[in-house]
Amino acid sequence: MGKTLTIQIKSTEEALGGFQETFKAVEAGRQVSRREGVYFTSIEAARKLLTPNRVALLRAIRIKRPGSVYELARGVERDLKNVQDDLRVLGQYGLVRLMSDRGTGGRRVRVPRAPFSEIALKIAI
């Protein structure tokens, strides 16, 4: 079993409260541990991140382990530019990492990797 990324839906008040606690700890000189996860204030925002096409990309990266972004786009039968755009968004949230490698002919290629094998969704009620 691989790593799990937790996506949490928190109210604005909860998110601000967590930020305030962290800020106070830093201000007081206490060490703050980094929490791994992605946080949203609405399920709609999480849904915008995890579109069917983006989830398909994550699955293809985990299962097929493509050797380049171009190979990934071919494997999912999507336009290269659209795949690059989706990878950029997924990368901003830490769901994908683009590693640099040497492709055929020795040229540099970006190799997509998914550091998580599953995504868990937590919704505060």
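See the structure printed just above.
Quick caveat: nothing in here was measured; it's all calculated off a predicted structure.

Chemist: Tell me about the overall build of the protein, residues and numbers included.
Modeler: Per the secondary structure count, the protein includes five helices and five strands. Sequence-ordered secondary structure for the protein, helices as α and strands as β, is β-α-β-α-α-α-α-β-β-β. When the 125 residues of the protein are sorted by exposure, 25% land in the buried category. Within the protein, contacts between residues separated by at least 24 positions form 63% of all contacts whose residues are at least 6 apart in sequence.

Chemist: Run through the sheet that holds strand S5 (residues 118-123), naming residues and quoting values.
Modeler: Read across the sheet, three strands follow the order S2-S1-S5 without closing on themselves; strand pairing throughout is parallel. Edge positions in the sheet fall to strand S2 (38-40) and S5, since each of these pairs with one other strand and no more. Adjacent strand axes in the sheet meet at a mean angle of 20°, parallel and antiparallel pairs treated alike.

Chemist: I'd love a proper account of the pattern of salt bridges, names of residues and values included.
Modeler: Under the defined criterion, the tally for this structure stands at four salt bridges. Residue Asp-86 pairs with Arg-78 through a salt bridge whose shortest N-O separation is 2.7 Å. A salt bridge links Lys-81 to Asp-85, with the nearest nitrogen and oxygen atoms 3.1 Å apart. You can see Lys-81 and its partner Asp-85 sitting in helix H5 (residues 80-92), four residues apart, about one turn around the helix. Its relative accessible area of 24% is what places Asp-85 among the partly exposed residues. Each of Arg-54, Arg-78 and Asp-86 takes part in a single network of salt bridges with overlapping partners.

Procedures and definitions
For every chain, the first residue of its written sequence is number 1, and the numbers climb from 1 along that sequence. Restriction of local features to residues with pLDDT of at least 70 applies here, the model being predicted, together with a cutoff of 80 or more for giving and counting side-chain atom pairs; totals for whole chains, interfaces and linings are based on all residues. The side-chain figures draw on all heavy atoms in the structure; neither hydrogens nor water molecules are used. Secondary structure follows DSSP: runs of H or I at least 4 residues long count as helices, runs of E at least 2 residues long count as strands, and numbering of each begins at the N terminus. When accessible area is computed with a 1.4 Å probe and restricted to protein chains, residues below 20% of their type maximum are described as buried, those above 50% as exposed, and intermediate ones as partly exposed. Note on contacts: a residue pair is in contact if any heavy atoms of the two residues lie within 4.5 Å. Only when DSSP finds a minimum of two bridges between them are two strands counted as paired. All axes are obtained by fitting lines to C-alpha atoms, using only the stretch in contact for helices, and the reported angles, taken between N-to-C directions, cover 0 to 180 degrees. Whenever a carboxyl oxygen of Asp or Glu lies within 4 Å of a side-chain nitrogen of Lys or Arg, that contact is scored as a salt bridge.

Any functional reading would require information that these geometric values do not contain.
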